[in-house]
Structures are given as C-alpha cells and as structure tokens.
Amino acid sequence: MQLTRNTAGPEETYRIGKMLGQKARPGQVYALTGDLGVGKTIFTKGFAEGLGVTEPVTSPTFTILQSYTDGRVPLYHFDVYRIEETEEMDEIGYEDCFYGDGVALVEWAEQIEELLPEDTVRIVIRKDPAEGADFREIRITAPDGVLPELYKKAQ
C-alpha cells in the first residue's frame, strides 16, 4: 500500500505524524528518510504525540537512540545519521527495539537499510522548491494490511 500526502506547512506534517502514531502498534518499525530540513523531527514529534508521549521529543543525533516510555507503548526514536558501520547498531541493542514491545522510528533509515525488517513502514519526506518553501510531499509505503485505517481515512 502506498499513500502520498502533500503538506503546506509544519503543522500539517506534524498532523500526519500524529495520525500515524495513533495507529502504530507494538513491534512496528517506521523508516523515515529525507534531506536535511524536510521536517523529519517535526513528523516524529507528531508521531510521538499520537502514541501519547508527553515528554519533550528531540532528535537524538549524538546519542543515536532516545527512548520514550510514557505513551501507550514505548517509542524508540533513532537518528542514525552519524552511523558509519551497521555494527554500531548492535552496540545500541537495536534488535530489542525493532522486535520488542514498542514502536521504533528511525530517522535517516537509509543508513541501515540492511537491518530493517521486511515489514517496515517507509516514509519519505521531500521538498519541492517550485511548490513553495513549506511544501512537503510525504510518501508512506506499508505492507498490505499494516495501516488500513490510515488509508481509508486519507481517501
């Protein structure tokens, strides 16, 4: 299943993230990709709110992993921009996060493509300057049956 949504500002990007977070289930992995400044962290903040996370969400660029446990399920927020070798993910214990009781959201997921589970929900955010400074295209690709409620709501 693939779904594409265009947004005209950060509030809309946040709202789409929140909607996905509301539908997220334990054991799911979300791979988030896009250039610097496209709104990955804004999207993630919305996603966290959708899970019920109330503590401030920041990008874990230097720590690689930030865990939030105050929502309805734990959120494991990865920023793997600085990962040079996939073995670094072993040191962090990524498997417990990808295959555990929470939801994993990975910014810069293309850095660790070979570690992502087959049923990963993929989200690509891109800018198009011709459409305006705040325009974003958000493309969500998920295995069949993973996000049927979201698909129905968007049609």
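First, a word on what this report is: a plain description of the structure on this page. All residue numbers refer to positions counted from 1 along the written sequence of the respective chain. Per-residue local features are limited, in this predicted model, to residues with pLDDT of at least 70; the limit for side-chain atom pairs, both in listing and counting, is 80 or more; totals at the level of whole chains, interfaces and linings are taken over all residues. Working from all heavy atoms in the structure, the side-chain values ignore hydrogens and water.

1. Notes on the pairing of strand S5 (residues 103-107)
Argument step 1. With five of five residues buried, S5 is to be regarded as a mostly interior element.
Argument step 2. The two faces of S5 match: Val103, Leu105 and Glu107 on one face and Ala104 and Val106 on the other face are all buried.
Argument step 3. Pairing of strand S2 (residues 29-33) with S5, which is carried by four bridges, proceeds in the parallel orientation. Its bridge partner being in S5, Ala31 is matched across the sheet by Val106.
Argument step 4. As defined by bridge partners, strand S4 (residues 75-79) adjoins S5 across five bridges and the pair is classed as parallel. The residue bridging His77 from the neighbouring strand is Leu105, located in S5. Buried means the residue's accessible area, taken with a 1.4 Å probe over protein chains only, is under 20% of the maximum for its type, while exposed means over 50%, and partly exposed covers the values in between. Each helix is a run of H or I in the DSSP string that is no shorter than four residues. Each strand is a run of E no shorter than two, and both are numbered from the N terminus. DSSP-based pairing: two strands are paired if at least 2 bridges between them are found.

2. Considering the pairing of strand S7 (residues 136-141)
Argument step 1. Two elements, strand S1 (residues 2-7) and S7, share six bridges in a ladder whose sense is antiparallel. When the sheet's bridge partners are listed, Gln2 is paired in S7 with Thr141.
Argument step 2. Across six bridges, strand S6 (residues 121-127) lies against S7 in antiparallel orientation. In the strand pairing of S7, Arg126 is matched with Glu137.

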